[in-house]
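# Coordinates in review
Read off the chains here:
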Amino acid sequence: MTATPTRRTPEPGSWLGIPAFPKAAPGELANETQRRNLRHATTTIRAKRVVRASEVPNWEELRTAGAQIKDRVGRHLDEYLVQAEEAMTKAGITVHWARDAADANQIVAEIAKAKGVDEVVKIKSMVTQEIDLNEALEAEGIAAWETDLAELIVQLGHDLPSHILVPAIHRNRDEVQDIFTREMGLYGTPAPEGISNNPEELAAAARVHLREKFLRAKMAVSGGNFIVAETGTLVIVESEGNGRMCLTLPETLVSVVGIEKLVPTLEDLEVFLKLLPRSSTGERMNPYTSMWTGVTEGDGPQDLHVILLDNGRSNVLSDPEGRAALRCIRCSACLNICPVYERVGGHAYGNPYPGPIGAILGPQLRGMEDERDRALPFASSLCGACNEVCPVRIPFTDILVHLRHKVVEYKTAKHPTVEQGIMKGAGWVMADGSHLATVQAGERIGGRVFRGKWLGPMGPIPIAKEWLKGRDLEPLPTQNFRQWWKKNREGGQR
Amino acid sequence: MSARDEVLARVRRATADVTEKDPDRDVPVDWAYGQPLATPDVLEDFVEKVEDYKAAVRRVKADAVPATIVEAMQALDTTSVVLPAGLPTEWIAAVEAAGIVTHGDEPQLTHAQLNTIDAVLTTTAVGMADSGTIALDHGVGQGRRALSLLPDRHICVIRADQVVSDVPEGIARLAPAIRAGSPVTWLSGGSATSDIELSRVEGVHGPRHLSVILVED
């Protein structure tokens, strides 16, 4: 796949081609290179996180404070939004509001056009991924360049990100070498002749390729990790310095920020700046954190915009049981510990937020209309590891179970399902011991027929097929528990 | 309805179940803000954590600072340096005497000019020991943000009394500058990435080398 002459940037992969999780997962599972890459990466980062979290003596108290601060913001969000808007405006930032992706994309494109720019540099941002900003700008003839190394790998690879923090986690150094050699020259400074697969050489090639773009850029687009409501201060954490380039050098900076990213006061930052780096990259602190409070004359962008984006966040907020998902600070610890994510990778989730956080955010942000969103609450083994690592104590498994309930409600609201029939039958069986005994009599006959033989995978059984697909059938018993009890425990035997 | 009014209306509908109107009373936060961290030797801790990022740290007395700056620059093969306004004259004199080409930033250098300069020398606002973080509030001696971004090496001088134990005290010290509208930049080592197979590579876009001179008296 190469860029057609009408495009300014590499054509990306598409989420639309990805089927619902149960259908997408087997294909991803079969990709052995990806599984190897993922296992290596998640194992490494899990080990680092444990070390860095255990260095902090009051880690559990910090997690509680993080959860409380975010809950406070969520429950009083209207107040904090108005306060933040006022503080930002006073500091010289132009504040915009966006109901959805279309609103936000249009605002960014209009600012670019008003400035007469046909390209922007971008710092990695989950929210612009969520609203598909790059493609919206491309359609307006504006080239958006990703400047984070992993995002660059994804963009030049005509690929999709597969992780919140390390979007190219599914790629190894050989694949990166191929992508850089093939694509860099089509969009700017080519990779050096004969570049190897050494990460240092590859990073150096990205430095040279992107420096040219940083120096000529007139406008940048970012997301935002936090906005302090009290002062209107924006905070962005990063590692490479590409963020600082975007936030400092261009004349115009547009930051698209989800409405849930507020914290009440400057002091609250102490909690999150301890929790976030240790949870995400397993470092004591990320290399760079930028904080700016409006325009500073003679330093940095002189035209600052912030777009406050809803795009489904108020839906999440409207469910008292599900709203804890809005505490998320996008650290990705839940992805890194998730046994499901580790095996299938990020693409199978079919949305920019993969892993446990994607499974609870996707269906809440976008609703249950799409089959892919209805499948997500089931893309989990409910092992609960994500609950334990989350720096803001999101009760993932509670929300997953709650959403499963909602999916069932959604399905049965339309028409009764086979599942409901089965459950009705099961209800009758379990309601009375004599009913159970009748059913078990049938089972015992089966047990004698098969003589304790293990029956193996039970794919072809009709109706129960879906349920049995992932499970083997144990040998049918030849006696039930009551009979065993009578024989072994009653009447003083044993 | 404007997007603003609509988003706010949706948010208010979504939180209609919240009856306590005072956020602090509705969700109390069990946290004591601004607490220092118990540590036997704050400076020792700071040095250890900064070095862990592969940054070079030199601990010196005040009178040795000019010579140490020159030494740190030469160790990084520096031939040219940008000097923000407000640095002590004896530092500037020492750098010039060593034959390193100096650039001032008044009038402002262009980004392209900054890109060709090897290094930058700055003072510091705060150091945070537990995370090994250095914070600039871009006040006197620290220059605008681009100065400590485009040159490849950053030599940074910090006084012992600017080092605090942990992030909470750091935030407390920086809060007045932030409230006054200053931009703030936190540095923890040099630029780094772990995007390829999670193997850490020092130096991508920001300065690839950070040298810290800790002044004790």
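Residues numbered from 1 in each chain as written. Chains lettered and ligands numbered in written order. Predicted model: local features only at pLDDT ≥ 70, side-chain atom pairs only at ≥ 80, totals over all residues. Heavy atoms only, no water.

### Focus on the overall build of chain A
Which entries qualify depends on this criterion: Helical segments are the DSSP runs of H or I of at least four residues, strand segments are the runs of E of at least two, and each set is numbered from the N terminus. We call a residue buried when its accessible area falls under 20% of the maximum for its residue type, exposed when it is over 50%, and partly exposed in between, using a 1.4 Å probe and counting protein chains only. The contact criterion used throughout is that any non-hydrogen atoms of two residues lie within 4.5 Å. Working definition of accessibility: Shrake-Rupley area with a 1.4 Å probe, residue cover restricted to the visible protein chains. All tallies of charge rest on Lys and Arg as positive and Asp and Glu as negative; His and the ends of each chain are not included. Each charge is placed at NZ for Lys, CZ for Arg, CG for Asp and CD for Glu.
Counting its secondary structure elements, chain A contains 23 helices and 12 strands. C-alpha atoms of chain A, sized along the principal axes, occupy 90 × 55 × 50 Å. For chain A, the residues scored as buried account for 59% of the 494 residues in total. Taking all contacts inside chain A whose residues are at least 6 apart in sequence as the whole, residues at least 24 apart take part in 75%. Summed over its atoms, the accessible surface of chain A is roughly 20200 Å², and 54% of this surface lies on carbon and sulfur atoms. Across chain A, the centroid of the 59 positively charged side chains sits 9 Å from that of the 63 negatively charged ones.

### Structural notes on the overall build of chain B
Applicable threshold: Restricting the calculation to C-alpha atoms gives the radius of gyration, and the globule rule supplies 2.2 Å times the number of residues raised to the power 0.38.
The helix and strand inventory of chain B stands at 7 helices and 12 strands. Taken against the 2.2 N^0.38 rule, which gives 17 Å for 217 residues, the C-alpha radius of gyration of chain B at 21 Å runs more than 25% over that of a compact globule. Seen through its C-alpha atoms, chain B measures out along the principal axes to roughly 70 × 45 × 40 Å. Put simply, chain B has 217 residues, and 59% of those count as buried. When contacts within chain B are restricted to residue pairs at least 6 apart in sequence, long-range pairs at least 24 apart make up 72% of them.

### Some remarks on the interface of chain B and chain A
The condition is simple: Here's the idea: put two parts together, see how much 1.4 Å probe accessible area each one loses, and the total over both is what we call buried area. Any carboxyl oxygen of Asp or Glu that lies within 4 Å of a side-chain nitrogen of Lys or Arg is treated as forming a salt bridge with it. Side-chain atoms alone can form a polar contact between residues adjacent in sequence; in general such a contact is a pair of N or O atoms within 3.5 Å, and within protein one must be able to donate a hydrogen while the other accepts it.
Taken together, the 77 residues of chain B in the interface contact 93 residues of chain A. For the pair chain B and chain A, the summed buried area comes to about 7500 Å², and 57% of that belongs to carbon and sulfur atoms. Linking chain B with chain A are 18 salt bridges. Its salt-bridge partner being A:E230, residue B:R179 comes within 2.5 Å of it at the nearest N-O pair. Where chain B packs against chain A, one counts 47 residue pairs in polar contact (both at pLDDT 80 or more). For the side of chain B that touches chain A, the secondary-structure elements that each account for two or more residues are α1 (3-14), α2 (23-26), α3 (42-52), α6 (111-115), α7 (167-179), β9 (184-187) and β10 (192-193) of chain B.

### Details of the layout of surface pockets
All names here are of chain A. Cut-off, in case you're wondering: Space inside and on the surface of the protein is sampled on a 1 Å grid over the protein atoms alone, with a cavity defined as a set of points where a 1.4 Å probe fits but cannot get out and a pocket as an open set with protein on both sides within 12 Å along at least 5 of 7 lines; lining residues have an atom within 4 Å of a point. Grid points are joined across faces, edges and corners, and a volume is the space filled by probe spheres set on the points. The residue classification treats Ala, Val, Leu, Ile, Met, Phe, Trp, Tyr, Cys and Pro as nonpolar and Asp, Glu, Lys and Arg as charged. All others, Gly included, are polar.
Reported here for the second largest pocket is a volume of approximately 690 Å³. Lining the second largest pocket are 34 residues, with W15, Q129, E130, D132 and P352 positioned closest to its centre. Of all the secondary-structure elements, those providing two or more residues to the lining of the second largest pocket are α6 (126-130), α7 (133-139), α8 (149-156), α16 (355-366) and α17 (371-375). The residue inventory of the lining of the second largest pocket, partitioned by class, reads 11 nonpolar, 11 polar and 12 charged.

### A short note on helix α4 (residues 65-75) of chain B
For an α-helix, the turn length of 3.6 residues means that residues three or four places apart are oriented alike. Those residues of α4(B) not exposed but buried are B:V65, B:P66, B:T68, B:I69, B:V70, B:A72 and B:M73. Positioned one or two residues after α4(B), B:D77 has a phi angle of 55°, which is positive.

### Points about the environment of A:G358
Residue and element names in this part refer to chain A. When you line up the elements, G358 lands in helix α16. A relative accessible area of 0% places G358 in the buried class. Taking C-alpha positions, G358 is 45 Å from S434, a pair spaced 76 residues apart along the chain. Contacts of G358, omitting those with residues within four sequence positions, involve N351, Y353, P363 and L376.

### What to know about the sheet that holds strand β2 (residues 119-122) of chain A
All names here are of chain A. Basically, it comes down to this: Strand pairing is assigned whenever DSSP detects at least two bridges linking the two strands. Where helices are involved, their axes are fitted lines through C-alpha atoms of the stretch in contact, as for all axes, and angles between N-to-C directions lie from 0 to 180°.
What the 6 strands build is an open sheet, ordered β1-β10-β7-β4-β2-β3; its pairing is parallel. One side of each edge strand has no neighbouring strand; the edge strands of this open sheet are β1 (93-98) and β3 (143-146). The mean inter-strand angle of the sheet, taken between neighbouring strand axes irrespective of direction, is 25°. Relative to strand β10 (residues 303-309), strand β7 (residues 252-258) runs parallel, the two being bridged by 7 bridges. The partner of V257 across the bridge, within β10, is L308. The sheet strands contacting helix α4 (residues 77-90) are β1 and β10, and the helix crosses β1 at an angle near 145°.

### Structural notes on the pattern of salt bridges
Pairing between side chains of opposite charge can happen when their charged atoms approach one another. Per the stated rule, a full pass over the model turns up 60 salt bridges over all chains. Across the salt bridge formed by A:D303 and A:K115, the nearest N and O atoms sit 2.7 Å from each other. With A:D303 in strand β10 and A:K115 in helix α5 (residues 101-115), the pair connects residues that are 188 residues apart, well separated along the chain. Take A:K115: its relative accessible area is 41%, and that puts it in the partly exposed class. Residue B:D130 pairs with A:K274 through a salt bridge whose shortest N-O separation is 3.6 Å. Of this pair, B:D130 sits in the loop between β5 (126-128) and β6 (133-136) while A:K274 sits in helix α12 (residues 269-280), each in a different chain. Taken individually, B:D130 and A:K274 each receive the classification buried, so the pair is uniform in this respect. One salt-bridge network, held together by shared partners, links A:R52, A:E55, A:K274, A:R278, A:R284, B:D45, B:K49, B:D52, B:D130 and B:D166.

### Examining the packing of α12(A) against α7(B)
Short version of the rule: Small angles under 35 degrees read as roughly parallel and large ones over 145 as roughly antiparallel, with 65 to 115 read as roughly perpendicular and the rest as oblique. The hand of a helix crossing depends on one turn: near helix anticlockwise from the far one by less than a right angle means left-handed, and clockwise means right-handed.
The contact between α12(A) and α7(B) brings their axes to 9 Å, and the two run at 135°. One finds that α12(A) runs oblique with respect to α7(B). The way α12(A) lies across α7(B) gives a crossing that is right-handed. Contacts from A:L269, A:E270, A:L273 and A:K274 of α12(A) reach α7(B) at B:V167, B:P168 and B:I171. Considered class by class, the residues forming the contact of α12(A) with α7(B) number 5 nonpolar, no polar and 2 charged.

### Remarks on α8(A)
Taken across its 8 residues, α8(A) has 8 buried, putting it largely inside the fold. Buried within α8(A) are the following residues: A:L149, A:A150, A:E151, A:L152, A:I153, A:V154, A:Q155 and A:L156. Elements in contact with the buried residues of α8(A): α6, α7, β3, α9 (173-187) and α10 (199-216) of chain A together with β10 of chain B. With a side-chain oxygen positioned 3.1 Å from the backbone nitrogen of A:A150, the residue opening α8(A) is A:D148. Immediately downstream of α8(A), the backbone of A:H158 shows phi near 50°, a positive value.

### Section: the UniProt feature "domain: LUD" (unreviewed entry) in chain B
Heads up, the rule is: UniProt positions are given in the numbering used here, feature names are shortened, and annotations may be inferred rather than shown by experiment.
Taking the UniProt record as the reference, the feature "domain: LUD" (unreviewed entry) is found at residues 43-215 of chain B. Helix makes up 28% of residues 43-215 of chain B and strand makes up 27%, while its end C-alpha atoms are separated by 10 Å.

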